[in-house]
Amino acid sequence: MKQTFYSNGKLLITGEYVVLDGAKAFALPTKFGQNLTIEKTENELIHWKSIDADGSIWFETTIPFSSIVKKERFDETHNIKNTLIEILHEAYLMNADFITNSQGYSIQTELTFPKFWGLGTSSTLINNIAQWLQIDAFDLLRRSFGGSGYDLACAQNDSPILYQLVNEQPVVESIAFQPSFLDKIHFVYLNRKQSSKSAIASYLNQRGNIDKTIQKIDRITNTIIHATEPKEFALALQQHEIEMSSVLELQTVQEVLFSDFKGIVKSLGAWGGDFVMVISKENPTDYFKERGFTVVLPYNEMIL
């Protein structure tokens, strides 16, 4: 008998990086996500297959139960396998039944977005595994991959959210976000995937006293989620970019790539890759495609 689980992808609109230190973050679950399908087999093995949105297999391996129990590590050419074993090992420590009371599994993951888009390949996997084994996804994330957990909150919610770590515990609030100018918002893929793990490590190494920044970001987030006019929304996005540019000591993506764009471009999540949010009076698709950025999605095609 097959079991199937599904989790939403994510986009972090405000609070990137500083969400780790308790800032309020505004995040949106996407219409894209990942499925996990489980079938029981034998031989105390997991045969794992990961399928990209185009139907191609991007990862395939076989993992003995014993490798999960002892958290076996393979050489550097098997980084994905090592990460998967680490996640499954931590899941085993939280609920050993899937190893001790089973003979084996055939497991398949299937993305509904291209893997390189960065909409949450890891977070949707962790949430799906947590659903399957009936364990706490945030705890599994802390034990394995690390991060703030906002992406898990998106995986689990079908509406816009405010997310905050309070005493290192996730607080999630579903919010209404339906301004009249949603048709002015687009999402553009920057043609390169950014490693959230390395970006977070860099931020944690260089941040100073972050309290004042958190207060500013919280105010900006509040303005963004309550904005009724596109100009107010756009200016708040710009203020957020300026503030985070100062913290990260990096130029904004608009300064680097789109200085002549008539509108506002905001980084989402780890700076330097994945998607940006764009707000402009005119449809920006031609502008970005002329510059080689061919993935331009309107708000209603991207967001749940």
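A brief report on the enclosed structure follows. If you're wondering where the values come from, they're calculated on a predicted model, not measured in any experiment.

As for the overall build of the protein
Line of reasoning, step 1. Helices and strands together make up the secondary structure of the protein, namely 12 helices and 11 strands.
Line of reasoning, step 2. When its C-alpha atoms are laid out on the principal axes, the protein stretches across 60 × 40 × 35 Å.
Line of reasoning, step 3. Each of the 304 residues in the protein was classed as buried or not, and the buried ones make up 53%.
Line of reasoning, step 4. Sequence-distant contacts, at least 24 apart, represent 69% of the contacts inside the protein between residues at least 6 apart.
Line of reasoning, step 5. Counting every atom, the protein has about 14400 Å² of accessible surface; 46% of that belongs to carbon and sulfur.
Line of reasoning, step 6. A gap of 2 Å separates the mean positions of the 27 positive and 36 negative side-chain charges of the protein.

Quick look at helix α4 (residues 121-133)
Residues lying three or four places apart along an α-helix face the same way, a consequence of the helix completing one turn every 3.6 residues.
Line of reasoning, step 1. The end-to-end C-alpha distance of α4 is 19 Å, a good match for the 18 Å that 13 residues give at a rise of 1.5 Å each.
Line of reasoning, step 2. Across the 13 residues of α4, 11 count as buried, placing the element largely inside the fold.
Line of reasoning, step 3. By the burial criterion, the buried members of α4 are Thr-121, Ser-123, Thr-124, Leu-125, Ile-126, Asn-127, Asn-128, Ile-129, Ala-130, Trp-132 and Leu-133.
Line of reasoning, step 4. Positive phi appears at Gln-134, one or two residues downstream of α4, with a value of about 55°.

Considering the environment of Asn-82
Line of reasoning, step 1. Of note, Asn-82 is situated in helix α2 (residues 79-94).
Line of reasoning, step 2. On a C-alpha basis, the gap between Asn-82 and Ala-227 in space is 45 Å, while along the polypeptide they are 145 residues apart.

Some points on the pattern of salt bridges
Line of reasoning, step 1. The full count for this structure, using the stated rule, is 7 salt bridges.
Line of reasoning, step 2. With a shortest N-O distance of 3.4 Å, Asp-139 and Arg-143 are connected by a salt bridge. Taken together, the positions of Asp-139 and Arg-143, both in helix α5 (residues 137-143) and 4 residues apart, correspond to about one turn of that helix.
Line of reasoning, step 3. A relative accessible area of 35% places Arg-143 in the partly exposed class.

Reading the values: the criteria
Residues numbered from 1 in each chain as written. Predicted model: local features only at pLDDT ≥ 70, side-chain atom pairs only at ≥ 80, totals over all residues. Heavy atoms only, no water. Helix = DSSP H or I, 4+ residues; strand = E, 2+ residues; numbered from the N terminus. Buried < 20%, exposed > 50% of the residue type's maximum accessible area, 1.4 Å probe, protein only. Contact = heavy atoms within 4.5 Å. Areas by Shrake-Rupley, 256 points an atom, 1.4 Å probe, with all protein chains shown as cover. Lys, Arg positive; Asp, Glu negative; His and termini not counted. Charge placed at Lys NZ, Arg CZ, Asp CG, Glu CD. Expected span 1.5 Å × (residues − 1). Salt bridge = Lys/Arg side-chain N within 4 Å of Asp/Glu carboxyl O.

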